[in-house]
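# Per-entry structural report
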Amino acid sequence: MTVTATGAAADSPASTSADTPVTLPRPYQSYTYAYPHKTAYRPLAPRPRLADLWAGESRQALSLYLHIPFCEIRCGFCNLFTRIGAPDGLTGRYLDAVRRQAAAVREALGDGEPPRFANAAFGGGTPTYLEAAELERLCDIAEQETGVDLRAVPLSVEASPSTATADRLAVLAERGTTRLSLGVQSFVEEESRAAVRPQRRADVEAALARIRESAIPVLNIDLIYGIDGQTAASWRYSLDAALSWRPEEIYLYPLYIRPLTGLGRHADPRTADREWDEERLRRYREGRDHLLAHGYEQVSMRMFRRTDAPPQGPDDYACQTDGMIGLGCGARSYTSRLHYSFDYAVSMREIRGIIDDYTATEDFSRALHGRWVDEDEARRRHLLQSLLQAQGMPLADYRLRFGTDPGDDFPAELAALTARGWLDGTVRPGLLRLSAEGLAHSDAIGPEFFSPAVRAAMAAYETK
């Protein structure tokens, strides 16, 4: 499937109005939810003091992210920083370390301008792997050490069906959770097994019922397309099963098979061919159209929100601004000059070692791994995190921040999008927005705006 300059489907190859052939990139390359990518991070030498990094940074709209790197199982597609289970006492030691880290960050922020938080999130891993009392402790750390009022800001928490228990949900609801994201992936048990995410449909439904009973305002359901054996009919079955709960949000994720993951270790080379690309594009379009027909609006390639859902503050793609405080060894922090974190790995052995090092750390006053962000990288980040939203990017915002025009900064990249029909030519002047097909190809568009330096760092990264 190719796309003409008007965004309509056409036979391959695509062509412009001048009948010049247009070669389209592979549609599924990289999920650009953050830039620069974590595989472009490197050990920092010298290690900068957090107090110096945060000096001069605005404290008026900070984001807080707490990362819990534990899961009851590891899904076959997962390349996130998480380990299976936790030996006795490890979760307690981990929370001890999070408290020490939070105190160090709060000290680095100083008291000259008291920090004000705009939103908070608990991710992982599976935050609800923690027991109810441990979730209470996690909330206490967030409030007592960083100063965020969890009941006064949007708070999003990720969960799995087996850990969305009534006692855990009661804690989260009482502490101010406004959004609960449940990783279902598929309501078809055979597909769940194929994705190495075995779960019973009855258990998923029971978890959804408990979430609704908890009265947390926003329920999000994650679904995956491209699973081995999935058909148009089984995909529609999962979509309709999700819709029966009237979730405020639904995320549709394409299946990726990454190195060192459960599926990656047994990958058939055919999964990387054009046929699979086309199959995933078909499932994407079917899912998109089905949700749009059932009262949802598209926010990004992945995110769909019920049109009458309560507002939740900034969307997940709206990360143009800095001021992200990440706590936990899998979290990233963003200042205007440096994005930093702890080391990253995928293999279980490496992850266990990083977690052990984190829990043994006493001094969290310096950044260890990261990537410096100059003005060129900041421009790329702003454009990516804005353009990949369905609403598009106001040119005035870009010009106000950088004093330049994106058409002058990225002429070749934007010309290529235009030639493919991936920019919407019907929008009002002053707005840069993807067409429907452009949005469908977000995972191809993102990497095209990566800088040569970031590309080189990602290519040189040794998977571990």
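Residues numbered from 1 in each chain as written. Predicted model: local features only at pLDDT ≥ 70, side-chain atom pairs only at ≥ 80, totals over all residues. Heavy atoms only, no water.

## Thoughts on unusual backbone geometry
- In the segment running from Ala45 into Pro46, the intervening peptide bond is cis, with an omega of 0°.
- Geometrically, the link from Gly124 to Gly125 is a cis peptide bond, its omega value of 15° lying close to zero.
- You can see Gly125 is positioned in the loop between strand 9 (117-124) and helix 3 (132-146).
- If you check the backbone angles, Gln185 has positive phi at about 75° while not being a glycine.
- Its location among the elements puts Gln185 in strand 11 (residues 179-185).
- Phi at Ala215 takes a positive value of approximately 65°, unusual for a residue other than glycine. (Helix = DSSP H or I, 4+ residues; strand = E, 2+ residues; numbered from the N terminus.)

## Section: the confidence of the model for the chain
- On average, residues of the chain score 88 in pLDDT, and 87% of them reach the 70 mark or higher.
- Counting contacts from residues 1-13, a segment whose pLDDT is below 50, to residues more than four positions away or on other chains yields 34 contacts.
- Confidence over residues 316-320 falls short of pLDDT 50; this stretch has 20 contacts with residues more than four positions distant or in other chains. (pLDDT = per-residue confidence, 0-100. Contact = heavy atoms within 4.5 Å.)

## Here's the deal with the packing of helix 7 (residues 232-243) against helix 8 (residues 274-293)
- Between helix 7 and helix 8, the least distance of the axes is 10 Å, while the angle of their chain directions is 35°. Crossing of helix 7 against helix 8: the hand is right-handed. Side by side, helix 7 and helix 8 meet where Ala232, Trp235, Arg236, Leu239, Asp240 and Leu243 of the first sit next to Arg283, Glu286, Gly287, His290 and Leu291 of the second.
- Partitioning the contact of helix 7 with helix 8 into residue classes produces 5 nonpolar, 2 polar and 4 charged. (Axes fitted to C-alpha atoms, helices over the stretch in contact; angles between N-to-C directions. Left-handed = near helix turned anticlockwise from the far one by under 90°. Nonpolar A, V, L, I, M, F, W, Y, C, P; charged D, E, K, R; others polar.)

## Details of helix 9 (residues 348-360)
- Taking 1.5 Å per residue, 13 residues should reach 18 Å; helix 9 reaches 18 Å between its end C-alpha atoms and fits that length.
- The complete set of buried residues in helix 9 reads Ile351, Ile354, Ile355, Tyr358 and Thr359. Seen from one end, helix 9 has its buried residues packed into an arc of 130°, which puts them on one side. Across from the buried face of helix 9, at angles greater than 90 degrees, the exposed residues are Arg349, Asp357 and Ala360. (Expected span 1.5 Å × (residues − 1). Buried < 20%, exposed > 50% of the residue type's maximum accessible area, 1.4 Å probe, protein only. Arc of directions from axis to C-beta.)

## With respect to the pairing of strand 12 (residues 218-225)
- Of all 8 residues in strand 12, 8 are buried, a share of seventy percent or more.
- Across the two faces of strand 12 the burial is the same, with Val218, Asn220, Asp222 and Ile224 and Leu219, Ile221, Leu223 and Tyr225 all buried.
- In this structure, strand 11 lies alongside strand 12, joined through 6 bridges in parallel fashion. Along strand 12, the bridge assignment pairs Gln185 with Leu223.
- By the bridge criterion, 6 bridges tie strand 12 to strand 13 (residues 249-254) in an arrangement that is parallel. Residue pairing across strands places Tyr225 opposite Pro254, the latter belonging to strand 13.
- For the crossover that starts at strand 12, traverses helix 7 and ends in the parallel strand 13, the hand is right-handed. (Pairing = 2+ DSSP bridges. Right-handed = clockwise from strand over helix to strand, strands pointing away.)

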